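Given next are the chains, with one letter for each unit.
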Protein chains: 4
Amino acid sequence: MIWKTAITKVGPNHIVTRGYRQEDLIGNVPFAHVVFLLLRGKLPSKEEGRMIDAILTSSIDHGVTPPTCLAARTVASAGVPLPTAVAAGLLAVGDVHGGAIENCAKLLQENVRRVNEGGKSLEETASLIIKKVARIPGLGHRIHTEDPRTKRLFGLAEELKISGAHITLIKAIQNKLADAPVRAKKKALPINVDGAIAAIISDMGFDWQLGKAFFLLGRTAGLVAHVYEEMTREKPMRRLCEIETEYDGPWERNLSI
Amino acid sequence: MIWKTAITKVGPNHIVTRGYRQEDLIGNVPFAHVVFLLLRGKLPSKEEGRMIDAILTSSIDHGVTPPTCLAARTVASAGVPLPTAVAAGLLAVGDVHGGAIENCAKLLQENVRRVNEGGKSLEETASLIIKKVARIPGLGHRIHTEDPRTKRLFGLAEELKISGAHITLIKAIQNKLADAPVRAKKKALPINVDGAIAAIISDMGFDWQLGKAFFLLGRTAGLVAHVYEEMTREKPMRRLCEIETEYDGPWERNLSI
Amino acid sequence: MIWKTAITKVGPNHIVTRGYRQEDLIGNVPFAHVVFLLLRGKLPSKEEGRMIDAILTSSIDHGVTPPTCLAARTVASAGVPLPTAVAAGLLAVGDVHGGAIENCAKLLQENVRRVNEGGKSLEETASLIIKKVARIPGLGHRIHTEDPRTKRLFGLAEELKISGAHITLIKAIQNKLADAPVRAKKKALPINVDGAIAAIISDMGFDWQLGKAFFLLGRTAGLVAHVYEEMTREKPMRRLCEIETEYDGPWERNLSI
Amino acid sequence: MIWKTAITKVGPNHIVTRGYRQEDLIGNVPFAHVVFLLLRGKLPSKEEGRMIDAILTSSIDHGVTPPTCLAARTVASAGVPLPTAVAAGLLAVGDVHGGAIENCAKLLQENVRRVNEGGKSLEETASLIIKKVARIPGLGHRIHTEDPRTKRLFGLAEELKISGAHITLIKAIQNKLADAPVRAKKKALPINVDGAIAAIISDMGFDWQLGKAFFLLGRTAGLVAHVYEEMTREKPMRRLCEIETEYDGPWERNLSI
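Residue numbers restart at each chain and count upward from 1, following the sequence in its written direction. All chains are assigned letters beginning with A, and all ligands numbers beginning with 1, in the order in which they are written. Per-residue local features are limited, in this predicted model, to residues with pLDDT of at least 70; the limit for side-chain atom pairs, both in listing and counting, is 80 or more; totals at the level of whole chains, interfaces and linings are taken over all residues. By convention in this description, side-chain values take in all heavy atoms of the structure and omit both hydrogens and water.

## Structural notes on the interface of chain D and chain C
Between chain D and chain C, the residue contacts involve 84 residues of the former and 84 residues of the latter. Buried area: the accessible surface (1.4 Å probe) lost by two parts on joining, summed over both. Here chain D packs against chain C, burying approximately 6900 Å² in sum over the two surfaces, 69% of which is carbon and sulfur. Area buried by chain D at its contact with chain C is led by Trp3, Ile26 and Phe31 of chain D, which between them contribute 12% of it. Just to be clear on terms, a salt bridge is a Lys or Arg side-chain nitrogen sitting within 4 Å of an Asp or Glu carboxyl oxygen. Where chain D packs against chain C, one counts 0 salt bridges. Distance and chemistry together define a polar contact, namely a pair of N or O atoms within 3.5 Å, with one atom able to donate a hydrogen and the other to accept it when in protein, and with adjacent residues in sequence counting only for side-chain atoms on both sides. In this structure, the connection of chain D to chain C is made through 27 residue pairs in polar contact (both at pLDDT 80 or more). By definition, any uninterrupted DSSP run of H or I lasting at least four residues is a helix, any uninterrupted run of E lasting at least two residues is a strand, and each is numbered from the N terminus. Tallying contributions element by element places helix 11 (residues 211–233) of chain D first for the side of chain D that touches chain C, with 17 residues. Following the grouping adopted for this structure description, the nonpolar residues are Ala, Val, Leu, Ile, Met, Phe, Trp, Tyr, Cys and Pro, the charged ones are Asp, Glu, Lys and Arg, and the polar ones are all others, Gly among them. Tallied by class, residues from the side of chain D that touches chain C come to 43 nonpolar, 22 polar and 19 charged. Residue contacts follow a heavy-atom distance rule, with two residues in contact if any of their heavy atoms lie within 4.5 Å.

## Some thoughts on the packing of helix 6 (residues 99–116) of chain B against helix 7 (residues 122–132) of chain B
Residues and elements named next belong to chain B. For helices, the axis comes from a line fit to the C-alpha atoms of the stretch in contact; other axes are also lines fit to C-alpha atoms, and the angle between any two N-to-C directions lies between 0 and 180 degrees. Following both chains from N to C, one finds helix 6 and helix 7 inclined at 135°, their axes separated by 10 Å at the closest point. By the angle between their axes, helix 6 is oblique relative to helix 7. By crossing handedness, the relation of helix 6 to helix 7 is classed as right-handed. Residues Leu107, Asn111, Val112 and Val115 of helix 6 pack against Leu122, Thr125 and Ile129 of helix 7. Taken together, the residues of the contact of helix 6 with helix 7 break down into 5 nonpolar, 2 polar and no charged. By the definition adopted for this analysis, an angle is roughly parallel if under 35 degrees, roughly antiparallel if over 145, roughly perpendicular if from 65 to 115, and oblique otherwise. Crossing handedness is defined as follows: a turn of the near helix away from the far one that is anticlockwise and smaller than a right angle gives a left-handed crossing, while the clockwise case is right-handed.

## What to know about the interface of chain A and chain B
Between chain A and chain B, the contact holds 84 residues from the first and 84 residues from the second. Summed over both partners, the interface of chain A with chain B buries about 6900 Å², with 69% contributed by carbon and sulfur atoms. Summed over the three residues of chain A that lose the most area to chain B, namely Trp3, Ile26 and Phe31 of chain A, the buried surface amounts to 12% of that side. Linking chain A to chain B there are 0 salt bridges. Of the residues in the side of chain A that touches chain B, the class split is 43 nonpolar, 22 polar and 19 charged.

## Focus on the packing of aromatic side chains
Working definition: rings of Phe, Tyr and Trp (its six-membered ring) pair if their centres are within 6.5 Å, and the pair is stacked with planes under 30 degrees apart, edge-to-face with planes over 60 apart, and tilted otherwise. Under the defined criterion, the tally for this structure stands at 10 aromatic pairs over all chains. Measuring from centroid to centroid gives 5.6 Å for Phe36 of chain A and Phe206 of chain A, while their planes differ by 80°, and the two rings are edge-to-face. Residue Phe36 of chain A is located in helix 2 (residues 31–40), and its partner Phe206 of chain A is located in the loop between helix 10 (193–203) and helix 11 (211–233); the two are separated by 170 residues in the primary sequence. Classification of Phe206 of chain A as buried rests on a relative accessible area of 2%. Grouping aromatic residues by their ring pairs yields a cluster made of Phe36, Phe206 and Phe214 of chain A. Above the plane of the ring of Trp208 of chain A lies Lys106 of chain A, whose end atom (NZ or CZ) is 5.1 Å from the centre. Whether a charge sits over a ring depends on NZ of Lys or CZ of Arg being within 6 Å of the ring centre and within 35 degrees of the ring normal. Above the ring of Trp3 of chain A, the side-chain terminus of Arg238 of chain B is found at 4.3 Å from the ring centroid. A 1.4 Å probe rolled over the protein chains alone gives each residue an accessible area, and that area as a share of the maximum for its type sets the label: buried under 20%, exposed over 50%, partly exposed in between.

## Topic: the relation of the copies chain D and chain C
To line up the copies, we fit them by least squares on C-alpha atoms, keeping just the residues with pLDDT of at least 70 in both. You can overlay chain D on chain C at an RMSD of 0.0 Å; the transform is a turn of 180° with a shift of 0.0 Å along its axis. Taken together, these values place the two copies in the relation of a two-fold axis. It is Ala87 of chain D whose C-alpha, among those of chain D, lies nearest the rotation axis, at 2.4 Å. Comparing interface residues between copies, 100% of those in chain D also sit at the interface in chain C, which points to an isologous, same-surface contact.

## Remarks on the sheet that holds strand 4 (residues 20–21) of chain A
Residue and element names in this part refer to chain A. Following DSSP output, two strands are said to pair if at least two bridges run between them. Here 3 strands make up an open sheet; going across it, the order is 2-3-4 and the pairing antiparallel. On the outer flanks of this sheet lie strand 2 (8–11) and strand 4, each paired with one strand and no other. Of the strand pairs in this sheet, strand 3 (residues 14–17) and strand 4 are connected by 2 bridges, and their pairing is antiparallel. In the sheet register, Thr17 faces strand 4, and the bridge partner there is Tyr20.

What follows is the structure in structure tokens.
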């Protein structure tokens, strides 16, 4: 039985990744381009590389409250090695934290494929999605009414000529949603950073199954910083959560042994 | 009680990391420079940024056999979300896998500090370390007699004028070890990629406690590629391990109930 | 904002879990009964407690090849604390490793509910499932044609008078499958330990969403033993995987810088 | 190359753990006894088995604030599978959370060995430890001045005739500490549940390296209950932490691009 892999070949004094010697990549190809190489098997264009770089930076950190950060710092506070705490944080990249990238990219890719196969127009498709999908992933944010990362990422995608049908579609969804009478009483739902990344990686040809990967790669850097801050600045096992808790289980009772 | 953090401040439509608005960083500051910013609180010089970028790339992957990769692909093969599998891989960044960076950086920093405080010379210190430390971290490799990543990283450190006392010290250790009569029967122990990273980050002023962090950050990219390959190319729960196993516990026995 | 929990109330010198003082539970209520208490909020009958105990033991270990064990030992071999390695193993409790309990319990519970609501008989339902479900979770095993754990668990469920509609249904599925002409050329698919646990916990009234939990609880004990064996008996970072690997990515190429 | 293991042997329809057929263990040997078997290679006496059972129950839960629970529920709130969230919680079994068992057991075992090798008496050793060790692991608790679990566990160890030199030593330390003039102004430091478990497993002959394992095994049950409560009772990605946070990094600044 042979285990085939197309990623890296290792021999004595010789390490080849996706066909390139690692010593050639190191310091010559920017890390974000190397990420593209790892995921796609070929080097990106200059524009693609810069776009990936921007996506990674857009995912680095959002303060101490997201589950990734709270989990990482909580685990760090228990006295474990740095990688254990960072990994604990990454376990919180889930369906409702980063997962919108995956779900939104899937939605966009499936619908753009249908458009391309001669179905309805992008505009009609946007209207249809609003009708059919109860909660569209990649729209809305707890804190931001206009996510500054979204605007920047879309501006860059335009500038780098990466914008395509997927970005058009999500923008159409956002616009129609803002106009939709059924939503009249609700505040407009802006495209959040997850939706922006979803649309851009879809226009770049990435499989939606890699949706969480970009968030995860950028966030790892932020988590390292947080875990290090926890290790060097805080006391071990401090109380990270001071919410009042209330026990509402069965009242105290005697055990009949 | 207030939880202070110096990393990121979040307000409506406003995200500031280490003093910079994220929309300013995105696409303008390369990701490797952002990593430096996150860990040090200030932007790197152009040279420092390029050095960090090179270090990240030097850590991306070493094929399917290292514990990080085997753990990640094993967990992926059980049918879990991509981040769960990647995190499982990162848990294997341990004392004997990536840990040499931390231990070597600690050794170099402690000894260079002693030299700077008016102790023995770097050369004398190197000799002393060889005598005292049974197994010097950052030297030797299972496969490579001359690690191609080490050569490239040191060349770059030289070119970028980052080389300093820590690189000098580890090279002195390597050289003295090669000449040492006590080691005469052993093959020379080359500086491996862990040792190279340890010396370089020490010359850049990083705390040795961050040693594993650089390896972890680069390796995350490789693990994403491996987990994705496992998910898309292999059958679930395939046998990843074909070593013959032998049970040598107690012989089968009856339970006296 | 108040965070309500019905599990444990803690005050000075006073810890109450599901209404019982912990000092009353300790040494008086067997651990498997405490597991039931934690998950259901009430103490089990003697029979229910013994059944949970049996389920936990049936999940402890299946040698070194399952993803849980291979992941845990791989991570342990990298030099990390015991809990980090055990947790890495538990991350491999996934859709295709332990997940059959969850999926099978869901299938059984949905169909038994339909039967109870006045639908078809259990026998008819079994036939329908075989027709409709391509691959029925909880049946078949890579190694065992008659899983010794299944027989024992079902025998015990019978003895403890826990057997009900869910066990009847899965046995009907197994029998009809064995007789089905369409499967004539295939070997009979036996109920595996996952299917047995799924049917039993369903007859005990557990939510199928807890399916993986029982496997996880039992397996944790086995993983601790394996990680400890790895730590005390093996060399760090030994090769755990000897499958031959073959790189089939792009052929080595020069980087045009 | 052969990988030897003394834990489990698997063949078709045949699973033997530590020499016993699993179908013989299931439902006949209580789970806590099976844990002993897994870790020690032999079945416990009735008394040892009951003691292990009590230790497991003493570790199940301490409400929502410990790092294990907060990490598990935080990760669960991000929308991941139950085992991913439970594993995240276990990653927080660290040097300052559960770790006292390991450190205390090590301290007790090393000192009792010295006493047995003809050194000072247990009483003298206790005095020496108080003088030499700045912070003795296993003593003191944030909330409990008399941990109800400690009292119960020690009572049971007495009743089951498991008490030996290690329990005597830790009690001597506690008593001398209470009397020590140097500590006169401090409140007495009671033996906490970690110290009690440490002393008992030491008297039972367990390696101190397994210290965290017992805590981990019991706590897994509590974490499953908490993760399930989070999944079924709470909204996804709710704010688990409402501490006020304050950014004290660099003030907002413009990026000179």
